[in-house]
Amino acid sequence: MTIFDRITEAQEFLGKNREHAQSPEEKELFLLAIDALWFVWRNGQSYEFESYRKDVESKAPPRVIASFNTRDEAEAWLSAQPEPPDLACVLIADEYHVVLSSRDRSRRSLAPDSGLEYHIEEMTKNGLPPAVATFNTREEADAWFNGQSDPLAQTVIQIGGEHHLAVYYRNINRRAIFPFSIVERLHARRKRREQEGAGE
């Protein structure tokens, strides 16, 4: 079944359930979902949507729409966008950032985002997951990762005794490796908030 068939099937399902909705608010929510699917279809994003769903099903980290080596590169890209992708994530030097823009597009910015830290925290809440490959150096890990023709969306590996997450962003053909230790930033922020709260 193609993605187009699945979208049509989902719209029919939503339409039937909308008829039995109990309130105008529920009917409006069903209509919103139907319109969202039409938006995907009519804007030529059905295959992109299919790719996105594969990432969701693989429990991959938050999707990014672009990757940059420097902040200046990212700022130049954002300035050149006629319609900035509000709330989409990008990588800057392998750090997650979220695009923020005003409704009239006059103000735009890139803010650090903690989505990946939360993702790794969730992965480790019951202990460290097993690594599928072990390397002594980052160079060895990069060579292994870059040598894969069709990598998984995410793979747990170990480099020099530390767990890392090797992530393949299929939509932009980008590979990145993140240490699990970035979760410590979340813990540090929580601790600061607790201390600030206790000081009030």
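Because the structure is predicted, anything quoted here is derived from the model rather than measured. (Residues numbered from 1 in each chain as written. Predicted model: local features only at pLDDT ≥ 70, side-chain atom pairs only at ≥ 80, totals over all residues. Heavy atoms only, no water.)

A. Region of interest: the overall build of the chain. When its secondary structure is counted, the chain shows seven helices and eight strands. Structurally, the chain occupies a C-alpha span of about 60 × 50 × 40 Å along its principal axes. Counting every position in the chain, which comprises 200 residues, the buried fraction comes to 32%. For the chain, long-range pairs separated by at least 24 residues make up 48% of all intrachain contacts whose partners lie at least 6 apart in sequence. When the accessible surface of the chain is totalled, it reaches about 12,700 Å², and 51% of it is carbon and sulfur. Computed over 25 positive and 33 negative side-chain charges, the inter-centroid distance for the chain is 2 Å. (Helix = DSSP H or I, 4+ residues; strand = E, 2+ residues; numbered from the N terminus. Buried < 20%, exposed > 50% of the residue type's maximum accessible area, 1.4 Å probe, protein only. Contact = heavy atoms within 4.5 Å. Areas by Shrake-Rupley, 256 points an atom, 1.4 Å probe, with all protein chains shown as cover. Lys, Arg positive; Asp, Glu negative; His and termini not counted. Charge placed at Lys NZ, Arg CZ, Asp CG, Glu CD.)

B. Focus on the sheet that holds strand E8 (residues 174-179). Pairing within the open sheet is mixed, and its four strands lie in the order E5-E6-E7-E8. Each edge of the open sheet is held by one strand with a lone partner, namely strand E5 (133-135) and E8. For this sheet the average axis-to-axis angle between neighbouring strands, irrespective of direction, equals 30 degrees. Packing of helix H6 (residues 138-146) onto the sheet brings it into contact with E5, strand E6 (154-159), strand E7 (162-169) and E8, and relative to E8 it is tilted by some 145 degrees. (Pairing = 2+ DSSP bridges. Axes fitted to C-alpha atoms, helices over the stretch in contact; angles between N-to-C directions.)

C. Fine view of the nonpolar core. Among the nonpolar cores identified, the biggest contains 15 residues, and Leu91, Tyr96, Ile120, Tyr169 and Phe178 are the most heavily contacted of them. Listed by contribution, the elements that provide at least two residues to this core are strand E2 (89-92), helix H5 (115-123), E7 and E8. The dominant element in this core, judged by the number of residues it contributes, is E7, at three residues. In this structure, Tyr169 is in contact with Pro62, Val64, Leu91, Tyr96, Arg174, Ala176 and Phe178, ignoring residues within four places of it in sequence. Ala133, Ala141, Ile157 and Ala166 belong to the second largest nonpolar core, which has nine residues in total. (Core = buried A, V, L, I, M, F, W, Y, C linked by side-chain atoms within 4.5 Å.)

D. Focus on the layout of surface pockets. Its volume calculated, the largest pocket comes out at about 350 Å³. Examining the composition of the lining of the largest pocket, we find that three residues originate from one element, helix H3 (residues 46-57), more than from any other. Taken together, the residues that form the lining of the largest pocket break down as eight nonpolar, two polar and two charged. Taken as a whole, the second largest pocket holds about 180 Å³ of empty space. Going through the elements one at a time, strand E3 (95-101), H5, E8 and helix H7 (183-198) are the ones with two or more residues in the lining of the second largest pocket. Classifying every residue of the lining of the second largest pocket gives seven nonpolar, two polar and six charged. (1 Å grid on protein atoms, 1.4 Å probe; cavity = no way out; pocket = protein on both sides within 12 Å on 5 of 7 lines; lining within 4 Å. Points joined across faces, edges and corners; volume = space filled by probe spheres on them. Nonpolar A, V, L, I, M, F, W, Y, C, P; charged D, E, K, R; others polar.)

E. Region of the structure containing the environment of Gln158. Inspection of the secondary structure assignment puts Gln158 in strand E6. With 20 residues separating them along the chain, Gln158 and Arg138 place their C-alpha atoms 9.5 Å apart.

F. Here's a closer look at helix H1 (residues 3-19). Taking 1.5 Å of rise per residue, 17 residues should cover 24 Å, and H1 covers 25 Å from first to last C-alpha, within 8% of that figure. Buried within H1 we find Ile3, Ile7, Gln11 and Leu14. Projected down its long axis, H1 carries its buried residues within an arc of 75 degrees, all on one side. Across H1 from its buried face, at more than 90 degrees, point the exposed residues Phe13, Lys16 and Glu19. Elements in contact with the buried residues of H1: helix H2 (24-42) and H3. (Expected span 1.5 Å × (residues − 1). Arc of directions from axis to C-beta.)

Remember, this is a structural readout, not a statement about activity or role.
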